[in-house]
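Notes for the structure review
Chain residues, written in single-letter form:
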Amino acid sequence: MPPNSAQYYSDQLRRHLRSGLRRPGDLLNPILFFLMVITLFPLGLGPSPEQLSALSAGLFWVVALLSNLTISGRLFAADYEDGSLEQLIMSPHSTALTALTEVAAHWLFSGVILAIVSPVFAAMLQMPTTAVGTLVVALLLGTLVLSLIGAIGAALTVGLHRGGTLLSLLVVPLYVPVLIFGVGAVNEAAQGRDPSSWLALLGALAAMGLVLAPVAMGVGIKIAVDR
Amino acid sequence: MTDVNLERGYRRVLSGVNFTVAAGELWQLAGANGVGKTSLIRALAGLVKIGLEGEIVCNVSLLYQGHALALKPLLTAEENLQFHPSGGVSREREAINHALETVGLAGYETQPVNQLSAGQQRRVGLARLWLDDARLWLLDEPFTAIDVVGAALLESRITEHVADGGSVIFTSHQDSRFGEALQTLDLARYAP
């Protein structure tokens, strides 16, 4: 490992964060998407609080999955088009870890922001207040896993024409465990029981993703650049 | 490189390429469009592995500059050089500003790159050549989109690097600019 690796990774993270912050409007888009879809449910399902409350956990997570899918697919697209991916492969540093800095920036801008504003959305869906704390924690862990899985798909499909459809086919099945554990945690808390086992499962997924996803991303990026 | 064969999209573009670049040498890869200049230079950079046969041995540090410049449109010229993904760029602010001044972009340091013209963006990319300490430069069409003054500047930088014991391989359609120092590898010879 080259001596200044830590400096390089933190530089790359700063580069992504700074680039993202230059256009704050783009950061709001996923949240607005979320807000729009959430408002559709009371209209479509009827405004009865009991019904919404019973479905709220499931609805919330399905929308989180979809909103993540729409943005993570383009994760490496800009870097592919402007040649950054070529340069980061040329660098003496690990492609996998550099890709991880990109996912970290993506997660901070999407999952973390969503987790922060989620209590508002939870109230809109009549989610029991006892479940809101669990929802925030579950979202922090779950969106990290979603971003990591989405990034694998993005690395594999970057540079492909109509990679979007292929991406959904690759990624959505892998999102399923997050959906199940996430809904499990929130429902458990909503019924006043201890959700920690579900949260632990999400944490385990996140830990596994952090270790394995960068390897897959690194290989995917190298193949994409070689095309 | 010895006995290098290169395929792109199941079509062989180059076969039996043999050449060696020593320190202090300047090479131009020449040939018509589609002859495989970019493919070969990307193979030299280690970016192409699929469809590559033969052996490429490189024992010096590399700098590769392709058609795409790896600049982030929303970051300034200075930030782009500071956080360049190649990782090889020296990060002293003074050095970066000096390099930008050399390529004629004094006063544009804090301008987002997407507000610069294509030629100016090219110059931001080329500023790397004043910052990096790689010994072998692989430059793909370095003279594209820059004006006469920029081209002269780039020529003098390349000449300086070569005189300093570095090596440069570049692709260009244009005729040689460097006089006797330049060696040309005509890729048409290696068409299958």
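Refer to the structure above for everything that follows.
Structure report, in brief.

Each value, and the rule that gives it
- Residues numbered from 1 in each chain as written.
- Chains lettered and ligands numbered in written order.
- Predicted model: local features only at pLDDT ≥ 70, side-chain atom pairs only at ≥ 80, totals over all residues.
- Helix = DSSP H or I, 4+ residues; strand = E, 2+ residues; numbered from the N terminus.
- Rg over C-alpha atoms; globule rule 2.2 N^0.38 Å.
- Buried ≥ 20, exposed ≤ 12 C-beta atoms within 10 Å, placed from the backbone.
- Contact = placed C-beta atoms within 7 Å.
- Nonpolar A, V, L, I, M, F, W, Y, C, P; charged D, E, K, R; others polar.
- Pairing = 2+ DSSP bridges.
- Right-handed = clockwise from strand over helix to strand, strands pointing away.
- Axes fitted to C-alpha atoms, helices over the stretch in contact; angles between N-to-C directions.
- Parallel < 35°, antiparallel > 145°, perpendicular 65-115°, else oblique.
- Left-handed = near helix turned anticlockwise from the far one by under 90°.

**Re the overall build of chain A**
Across its full length, chain A carries nine helices and zero strands. When the elements of chain A are put in sequence order from the N terminus, they spell out α-α-α-α-α-α-α-α-α. Relative to a compact globule of 227 residues, whose C-alpha radius of gyration would be 17 Å, chain A shows 18 Å and is just as compact. Referenced to the eigenvectors of the C-alpha coordinate spread, the extents of chain A come out at roughly 55 × 35 × 30 Å. Counting every position in chain A, which comprises 227 residues, the buried fraction comes to 44%. Taking contacts inside chain A between residues at least 6 apart in sequence as the whole, the part at least 24 apart equals 82%.

**Re the environment of L108(A)**
Residues and elements named next belong to chain A. Considering the arrangement of structural elements, one finds L108 in helix α6 (residues 95–124). The exposure class of L108 is partly exposed, given the 17 C-beta atoms found within 10 Å. It is 9.5 Å that separates the C-alpha atoms of L108 and L140, two residues lying 32 residues apart in sequence.

**Notes on the interface of chain A and chain B**
Of the residues lining the interface, 23 residues belong to chain A; the matching set on chain B comes to 22 residues. Those elements that place two or more of their residues in the side of chain A that touches chain B are α1 (5–21) and α5 (84–90) of chain A. The element contributing the most residues to the side of chain A that touches chain B is α1(A), with seven residues. Along the lines of polarity and charge, the residues of the side of chain A that touches chain B split into six nonpolar, seven polar and ten charged.

**So, the pairing of strand β7 (residues 167–171) of chain B**
Residue and element names in this part refer to chain B. Across the five residues of β7, four count as buried, placing the element largely inside the fold. Summarising the sheet, strand β3 (residues 26–30) and β7 pair through four bridges and their orientation is parallel. From the neighbouring strand, L26 faces β7, where its bridge partner is V168. What joins strand β6 (residues 136–140) to β7 is helix α5 (residues 148–163), and the crossover it makes is right-handed.

**A word on the sheet that holds strand β5 (residues 62–65) of chain B**
Residue and element names in this part refer to chain B. Taking strand neighbours across the sheet as the criterion, the five strands line up as β5-β6-β7-β3-β8 in an open arrangement whose pairing is parallel. Bordering the open sheet on either side are β5 and β8 (182–186), each of which pairs with just one other strand. For this sheet, the mean inter-axis angle between neighbouring strands, taken without regard to orientation, is 15 degrees.

**Some words on the packing of helix α7 (residues 132–157) of chain A against helix α9 (residues 196–225) of chain A**
Residue and element names in this part refer to chain A. At a closest axis distance of 8 Å, the pairing of α7 and α9 adopts a crossing angle of 20 degrees. By the angle between their axes, α7 is roughly parallel relative to α9. Where α7 crosses over α9, the two elements pack in a sense that is left-handed. Taken together, the residues of the contact of α7 with α9 sort by class into 21 nonpolar, four polar and no charged.

**Quick notes on the packing of α1(A) against α6(A)**
Two measures define how a pair of helices packs: the angle their axes make with one another and the distance between the axes. Residue and element names in this part refer to chain A. As a packed pair, α1 and α6 sit with axes 9 Å apart at the nearest point and diverge in direction by 35 degrees. For α1 against α6, the interelement crossing comes out right-handed. Across the interface between the two elements, Y9, Q12, L13, H16, L17 and G20 of α1 pack against L97, T98, T101, E102, A104, A105 and F109 of α6. In terms of residue class, the contact of α1 with α6 is made up of seven nonpolar, five polar and one charged.

**Quick word on helix α4 (residues 118–126) of chain B**
All names here are of chain B. Counted residue by residue, α4 has seven buried out of nine residues, so it is predominantly covered. Taken together, the buried positions of α4 are Q120, Q121, R122, R123, V124, G125 and L126. Among the structural elements, β5, α2 (77–82) and α5 are those in contact with the buried residues of α4.

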